[in-house]
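Spelled out from the first residue to the last, the chains are:
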There are 2 protein chains.
Amino acid sequence: MGGFTLDKSFSDLDKMVKGWMKEARLKILKALNDEIDVWTKSGRNDLVTNIDKEIENFYIEKIHHFDSEATIIGEETFSNDDLDLNGVTWYLDPIDGTMNFVKQKEHFATMIAIYENGCGVRGYIFDVMRNKIFWGGPDIGVFCDNDRLTPPINTSLRDGLIGIGAPYLIHNFRNLQKVALQSSGTRIYGSAGIQILHVIEGKCVGYVSYLRPWDFAAGKVLAETLGLSVKTIDGKSLNMLTSSDVLVATKNAQKDIAKLVKKS
Amino acid sequence: MGGFTLDKSFSDLDKMVKGWMKEARLKILKALNDEIDVWTKSGRNDLVTNIDKEIENFYIEKIHHFDSEATIIGEETFSNDDLDLNGVTWYLDPIDGTMNFVKQKEHFATMIAIYENGCGVRGYIFDVMRNKIFWGGPDIGVFCDNDRLTPPINTSLRDGLIGIGAPYLIHNFRNLQKVALQSSGTRIYGSAGIQILHVIEGKCVGYVSYLRPWDFAAGKVLAETLGLSVKTIDGKSLNMLTSSDVLVATKNAQKDIAKLVKKS
């Protein structure tokens, strides 16, 4: 449990976290000019680089300096799924879309989320190459840099573009090929953060993929703040300690998709 | 057949065409603030807008002013597949990725290509929202704005990201699901021009989709100039008057894919 409570100045917190992320962005941009060390994790297409590790450690150091007892769940350091989510928990994804980072040098994000007693308080998704930070929480709304976002229109599946994780689409998990065919089109960008930003901005009506808590923690705060649905495919609440299928969608698209998916 | 020959000043030609496209971009940006009229063409997800038509007419007027006898093959006006491709032919795609234009207001391109006696002379792909124009031809190389592009590394399928048209992936056309699974990952951006730019920039090793001549004419010039393969899935030359499956890829990825696809 973290040693601070979030009833202190939120605007100071936002300024501080965004400051860390801007510093992280400069480190990442610098790294793009150097040789990057790449290792595989769970499989040949699950990558980690020295930069993921460096940025995660940078964030951990900053958080611990701010709150020495903080609970931190980071992509590159998380090993304990028996954590207590009471109090304040920080979720870190230093580079979301590491494959894009390595192969494309764009279409990736650095993400931080803050939860208190299991509820989302703040999400921050920084599209590094576009140099735009999306951030906010339920008490203040969602912003892109300094501009407030309006909630996206509650578009139906048929009238919108849908993001689907490639393995889910290829293997027709839960009948998601039918979901794709009922939509206006499928988009695959290769980063959960970038995909969720497209839903938040109303550029896609949904995104469904197999995700880990740090993949969706920040996006969940922002999406729910804007009135979007963030649940499992079956409409269940997400467990903030385990991986699962995750559907971020407009409420109408969520209903349309629920009618099409097969029982698991 | 066009009434001019391309042995005149190419740099004047480039300046002129890029000037038209910059003017077209401003019209498109202005249109994004207004109500857009949308109609369907071959199916509910094949869209055309008043802006596609306006920009195509704008280009046609400019080309005819420059060369009153030019042969023009434009997405919104083409009806005759019995054309003579001797002499100079212009290919126009006023907005490539119209669905993205309508739903996302980004990830679309305006494209022009010039062929002489069936051979690519110039390709111009303008990523409208990134405000970057990719252009060039076999005699001068390929540029992004004023920067010369180096040919992408000849990466194999296994080590690169692959773009696949969503219908091809969902229906496993010619075994393309296996191609996707052998790659480092699948990316679907919803615009042939944007997908081909990713191959040209070395951000994907290939792109395969069902395309019409104006979808691939400009990309073919740029990709071939950089040493990439632009053929049908079976390695046949493309007919510049008909739609077909098209594979733009590094030479190594093209060989890898040829081994995986099933006979048609």
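Source: prediction; values computed, not measured.

**Details of the sheet that holds strand S8 (residues 141-144) of chain B**
The strands making up a sheet are joined through hydrogen bonds of the backbone, oriented either antiparallel or parallel.
Residue and element names in this part refer to chain B.
At step 1: Reading across the sheet, the seven strands line up as S3-S4-S5-S6-S7-S8-S9 and stay open at both edges, with mixed pairing between neighbours. Only two strands of the sheet have a single partner each, and these edge strands are strand S3 (71-74) and strand S9 (147-148).
At step 2: Alignment of strand S7 (residues 132-137) against S8, held across four bridges, turns out to be antiparallel. Its bridge partner being in S8, Trp135 is matched across the sheet by Phe143.

**Topic: the UniProt feature "binding site: Mg(2+) 2" (unreviewed entry) in chain A**
All names here are of chain A.
At step 1: UniProt's entry tags Asp93 with the feature "binding site: Mg(2+) 2" (unreviewed entry), counted in the numbering of this structure.
At step 2: Topologically, Asp93 is positioned in strand S4 (residues 88-96).
At step 3: Excluding anything up to four places from it in sequence, Asp93 contacts Glu75, Ala109, Thr110, Met111, Trp214 and Asp215.

**Side note on the environment of Asp52(B)**
All names here are of chain B.
At step 1: Summarising the element assignment, Asp52 is placed in helix H2 (residues 50-66).
At step 2: Its relative accessible area of 0% is what places Asp52 among the buried residues.
At step 3: In contact with Asp52, other than residues within four places in its own chain, are Glu76, Pro94, Ile95 and Thr98.
At step 4: Side-chain polar atoms of Asp52 contact the side chain of Thr98, separated by 2.8 Å.

**A look at the packing of aromatic side chains**
The geometry of an aromatic ring pair is captured by the separation of the ring centres together with the interplanar angle, meaning the angle of the planes.
Residues and elements named next belong to chain B.
At step 1: Applying the stated criterion across every chain, the model contains 15 aromatic pairs over all chains.
At step 2: Aromatic pair Trp20 and Trp90: ring centres 5.7 Å apart, planes at 35 degrees, arrangement tilted. With Trp20 in helix H1 (residues 10-31) and Trp90 in strand S4 (residues 88-96), this residue pair connects regions lying 70 residues apart in the sequence. Each member of the pair Trp20 and Trp90 is classed as buried.
At step 3: On the numbers, 5.0 Å between centres and 20 degrees between planes, the contact of Trp135 with Phe143 is stacked.
At step 4: A residue is classified by how much of its surface remains accessible, and Phe143, at 14% relative accessible area, is buried.

Definitions and limits used
All residue numbers here refer to positions counted from 1 along the written sequence of the relevant chain. Chains and ligands are labelled sequentially in the order written, the chains with letters from A and the ligands with numbers from 1. Note on the predicted model: pLDDT of at least 70 is required for a residue's local features to be given, and 80 or more for side-chain atom pairs to be given and counted; whole-chain, interface and lining totals, by contrast, use all residues. Derived side-chain values reflect all non-hydrogen atoms in the structure, with water molecules and hydrogen atoms excluded from consideration. In this analysis, strands are considered paired if DSSP registers two or more bridges between them. By definition, any uninterrupted DSSP run of H or I lasting at least four residues is a helix, any uninterrupted run of E lasting at least two residues is a strand, and each is numbered from the N terminus. UniProt positions are given in the numbering used here, feature names are shortened, and annotations may be inferred rather than shown by experiment. Contacts are assigned to residue pairs that have any heavy atoms within 4.5 Å of one another. For the exposure calls, accessible area comes from a 1.4 Å probe over protein chains only, and a residue counts as buried if that area is under 20% of its type's maximum, exposed if over 50%, partly exposed in between. Throughout this description, a polar contact denotes any pair of N or O atoms lying within 3.5 Å of each other; where both atoms belong to protein, one of them has to be capable of donating a hydrogen while the other can accept it, and for residues adjacent in sequence the pair is counted only when both atoms sit in side chains. A pair of Phe, Tyr and Trp rings is counted when the ring centres sit within 6.5 Å of each other, with Trp represented by its six-membered ring. The angle between the planes then sorts it: under 30 degrees is stacked, over 60 is edge-to-face, the rest tilted.

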